[in-house]
Amino acid sequence: MIRWTIFGAGCVVMRAANGDRRPIQERRWRILAIESARLIWKLRCERVIAREGRPFDDREVTNRWYAELERRLALERRLVALTPGKRKAKLAKRVEGVWGPLLHAASDLPPDWVGNSGVLVGIERGR
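Here's what I pulled together on the structure shown here. It should be emphasised that the depicted structure is a prediction, and the values quoted were computed from it without experimental measurement. (Residues numbered from 1 in each chain as written. Predicted model: local features only at pLDDT ≥ 70, side-chain atom pairs only at ≥ 80, totals over all residues. Heavy atoms only, no water.)

1. Some thoughts on the overall build of the protein
Line of reasoning, step 1. Counting its regular elements, the protein contains three helices and zero strands.
Line of reasoning, step 2. Each helix and strand of the protein, placed in order from N terminus to C terminus, yields the pattern α-α-α.
Line of reasoning, step 3. Counting only C-alpha atoms, the protein reaches 50 × 40 × 25 Å along its principal axes.
Line of reasoning, step 4. For the protein, the proportion of its 127 residues judged to be buried stands at 26%.
Line of reasoning, step 5. Looking at the protein alone, contacts between residues at least 24 apart form 52% of all its contacts between residues at least 6 apart.
Line of reasoning, step 6. Carbon and sulfur atoms make up 57% of the accessible area of the protein, which amounts to about 9100 Å² in all.
Line of reasoning, step 7. The positive charge centre, built from 27 side chains, and the negative charge centre, built from 15, are 7 Å apart in the protein. (Helix = DSSP H or I, 4+ residues; strand = E, 2+ residues; numbered from the N terminus. Buried < 20%, exposed > 50% of the residue type's maximum accessible area, 1.4 Å probe, protein only. Contact = heavy atoms within 4.5 Å. Areas by Shrake-Rupley, 256 points an atom, 1.4 Å probe, with all protein chains shown as cover. Lys, Arg positive; Asp, Glu negative; His and termini not counted. Charge placed at Lys NZ, Arg CZ, Asp CG, Glu CD.)

The following block contains the structure:
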């Protein structure tokens, strides 16, 4: 059994059947693990300080989790939009590889959805 803490989330190595590393899946894992841990910390602080110990219901936690992921996706898309030159295409491809499988109706998005802030995208819920 492998045991890890959130401090080790960035060290996870994923490999294909042939032994090659899978950097896009590793990055997706890091983002999901770290953003989830951050949300848990925020919810705990809010529950203890602002809610006087009252727990959150499942629906609220789920909605907040999706909101955090959508916030992170928007941040990465803005970063791509502000990146100049040849790095922009490379960064856009990485962002598309990480987030594409998680998006609702990703196949319907235009080819430049990553760097075009006018395109509305959302995380697919219920997966």
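Resuming the write-up.
2. Details of the packing of aromatic side chains
Line of reasoning, step 1. Per the stated rule, a full pass over the model turns up one aromatic pair.
Line of reasoning, step 2. An angle of 65° between the planes, with centres 5.3 Å apart, marks the rings of tryptophan 65 and tyrosine 66 as edge-to-face.
Line of reasoning, step 3. Among the residues examined, tryptophan 65 registers a relative accessible area of 29% and is labelled partly exposed.
Line of reasoning, step 4. Among the residues examined, tyrosine 66 registers a relative accessible area of 6% and is labelled buried.
Line of reasoning, step 5. Positioned over the ring face of phenylalanine 56 is arginine 51, at 4.1 Å from the centre of the ring. (Phe/Tyr/Trp six-rings, centres within 6.5 Å; stacked < 30°, edge-to-face > 60°. Lys NZ or Arg CZ within 6 Å of the ring centre and 35° of its normal.)

3. Digging into the pattern of salt bridges
Line of reasoning, step 1. Applying the stated rule across the entire model yields 12 salt bridges.
Line of reasoning, step 2. We note a salt bridge from arginine 27 to glutamate 76, for which the minimum N-O separation is 3.1 Å. In this pair, arginine 27 is assigned in helix 1 (residues 23-49) and glutamate 76 in helix 2 (residues 58-82), connecting sequence segments 49 residues apart. Glutamate 76 shares its class with arginine 27; the two are buried.
Line of reasoning, step 3. Here arginine 71 ties to glutamate 35 by a salt bridge, and the two come within 2.6 Å at their closest N and O atoms. Here arginine 71, found in helix 2, pairs with glutamate 35, found in helix 1; they are 36 residues apart in sequence, far enough to count as distant. (Salt bridge = Lys/Arg side-chain N within 4 Å of Asp/Glu carboxyl O.)

4. Describing the nonpolar core
Line of reasoning, step 1. Of all hydrophobic cores here, the largest spans 15 residues; its most connected members are Leu73, Val80, Trp99, Leu103, Trp113, Val114 and Ile123.
Line of reasoning, step 2. Taken together, the elements giving at least two residues each to this core come down to helix 2 and helix 3 (86-99).
Line of reasoning, step 3. Among the elements that line this core, the one with the most residues is helix 3, at five residues.
Line of reasoning, step 4. Excluding residues within four positions of it along the chain, valine 80 makes contact with Lys88, Leu91, Ala92, Val95, Val114 and Gly115. (Core = buried A, V, L, I, M, F, W, Y, C linked by side-chain atoms within 4.5 Å.)

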